[in-house]
Amino acid sequence: MVSDGHLRFSFLGPRGTFCHAAVTQVADQSAELIPALDVPSALKMAREGEVDYAVVPIENSVEGGVNATLDTLTHGKPLEIKAEMLVPIRFALAVRPGTTISDIHRIATHPHAWAQCRGWITDHLGDVIHVPATSTAAGAEILASGSTDFEAALCPVPTAAEYGLDILSDDVADNKNAVTRFIMAAVPGRQPERTGADKTTLMVQLPSDEAGALLTMLEQFSARGVNLSRIESRPIGDLMGRYAFSIDAEGHIEDERIQAVLVGLHRVCPSVIFLGSYPSASGERVRPQPGTADSDFISARGWVAGLLGHNVEIFD
Ligand SMILES: O=C(O)C(=O)C[C@]1(C(=O)O)C=C[C@@H](O)C=C1
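Being a predicted model, the structure only gives us computed values, none of them experimental.

Reading guide: rules and limits
Residues numbered from 1 in each chain as written. Predicted model: local features only at pLDDT ≥ 70, side-chain atom pairs only at ≥ 80, totals over all residues. Heavy atoms only, no water. Core = buried A, V, L, I, M, F, W, Y, C linked by side-chain atoms within 4.5 Å. Buried < 20%, exposed > 50% of the residue type's maximum accessible area, 1.4 Å probe, protein only. Helix = DSSP H or I, 4+ residues; strand = E, 2+ residues; numbered from the N terminus. Domains from an automatic or database assignment. Contact = heavy atoms within 4.5 Å. Pairing = 2+ DSSP bridges. Right-handed = clockwise from strand over helix to strand, strands pointing away. UniProt positions renumbered as here; feature names shortened; annotations may be inferred. Disulfide = S-S within 2.5 Å. Patch = residues over 30% accessible without salt bridge, like charges linked within 9 Å, V, L, I, M, F, W, Y side chains within 5 Å. Areas by Shrake-Rupley, 256 points an atom, 1.4 Å probe, with all protein chains shown as cover. Salt bridge = Lys/Arg side-chain N within 4 Å of Asp/Glu carboxyl O. Axes fitted to C-alpha atoms, helices over the stretch in contact; angles between N-to-C directions.

## What to know about the nonpolar core
So, step 1. Counting residues in each nonpolar core, the largest one holds 36 residues, and the members touching the most others are F9, V55, L93, I107, I121 and L154.
So, step 2. Mapped by element, the contributors of at least two residues to this core are strand 1 (8-12), helix 1 (18-26), strand 3 (53-60), strand 5 (80-88), strand 6 (91-95), helix 4 (111-125), strand 9 (152-156) and strand 11 (179-186).
So, step 3. In terms of residue count, helix 4 provides more of this core than any other element does, 6 residues in total.
So, step 4. Counting the residues that make up this core, at least three belong to each of domain 1 (8-88 + 178-189) and domain 2 (91-172).
So, step 5. When near neighbours in sequence (up to four residues on either side) are disregarded, V55 contacts F9, S10, F11, L12, C19, A22, V23, V26, M85, F182, I183 and M184.

## Remarks on the pairing of strand 2 (residues 32-36)
Sheet faces and side chains relate simply in a regular strand, where the side chains alternate between the two faces.
So, step 1. One ladder, built from 5 bridges, connects strand 1 with strand 2; its direction is parallel. Each bridged residue has a counterpart across the sheet, and for F11 the counterpart in strand 2 is P35.
So, step 2. As for the winding sense of the linkage, the β-α-β connection from strand 1 through helix 1 to strand 2 is right-handed.

## Brief notes about the UniProt feature "domain: Prephenate dehydratase" (unreviewed entry) in the protein
So, step 1. Here, the residues flagged by UniProt with the feature "domain: Prephenate dehydratase" (unreviewed entry) are residues 8-187.
So, step 2. Across residues 8-187, helical content stands at 32% and strand content at 34%; the span's end C-alpha atoms are separated by 13 Å.

## Comments concerning the state of the cysteines
A covalent bond bridging the sulfur atoms of two cysteines is what the word disulfide describes.
So, step 1. Taken as a whole, this structure holds 0 disulfides when the rule is applied.
So, step 2. There is no disulfide at C19, and the cysteine sulfur nearest it, in C155, is 15 Å away.
So, step 3. Note on C155: no disulfide assigned, nearest cysteine sulfur contributed by C117 at a separation of 10 Å.

## Quick notes on a nonpolar patch on the surface
So, step 1. Nonpolar side chains collect at one region of the surface, where W303, V304, L307 and L308 lie side by side and expose about 470 Å² of accessible area between them.
So, step 2. Position of W303 relative to the elements: it lies in helix 9 (residues 294-307).

## Quick look at the sheet that holds strand 15 (residues 272-279)
So, step 1. Read from one edge to the other, the open sheet built from 4 strands follows the order 13-14-12-15, with strand pairing classed as antiparallel. Both edges of this open sheet fall to strand 13 (228-235) and strand 15, since each of them pairs with a single strand only. For this sheet, the mean inter-axis angle between neighbouring strands, taken without regard to orientation, is 15°.
So, step 2. Note that strand 12 (residues 198-205) and strand 15 share 6 bridges and pair antiparallel. Residue pairing in the sheet places M203 in a bridge with I273 of strand 15.
So, step 3. Helix-sheet contacts for helix 7 (residues 213-222) involve strand 12, strand 13 and strand 14 (243-250), and the interaxial angle to strand 14 is about 15°.

Structure follows, in structure tokens:
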């Protein structure tokens, strides 16, 4: 929980999105929550100092990475991730009072939500059309506001009631265990303290377009015993076929092995963007592989310094 006087948080709005549920995990009662129209606008507010933090989705367990977040984080003034939050995802099929299942031909929701419910919808409603909305709650809000060219919305269960909608099903999902991961981003400052159960997020360009370039990049992690919890490619955008890799690595920038990875990546990759070290939401402690604990790096450096005749303290 972040509580430091009157803090301002932007999030993907309007009220009642899954993102709203995520921001309430980190903002205390005194915080001001400011809904944004989309992910880039929420992040822009943090970049420009209009809010202290932006909370946005980054990854869904069914649909994968949220490209708007992955791309916007690395374009423009630097931002860093300060926290991550997990929100279990369950959808309601919401309608205006009086609407029945057989009235539904078009359903509004966020494309990520649609992707998580497509199978259920086909099985229960047959061929209905998806109407893309800027968020799940935006679809519900518009539906509640009056005449629309869609008859239903897929949104979080409590949100349907908040907007005065009826629920025809409160368990719409292709995968009952779906979870979305959200991040809290801010302009660079002090890193969140190392907890021993941390993640570091990076955007890395491959060393070259030669055979083995991806391996060279990955070797920087494996040689230091650093596990990756997510890696996905994103087009750089300048020329066809040029990609950068968005990576979550287990560990904190204060860990010697993560520093060694960063040094290695900086030596062999044309661009390495550091996007923050922060406590992992699972709280699972990272267990260093033999030879990769802080003390191993410090003692090895001391040994080399000794060979050079430098007088340094050797820890082990
Ligand atoms: O539309 C919302 O409610 C959101 O918070 C966005 C979002 C997403 O971008 O993936 C978050 C969780 C769900 O997976 C569906 C949509």
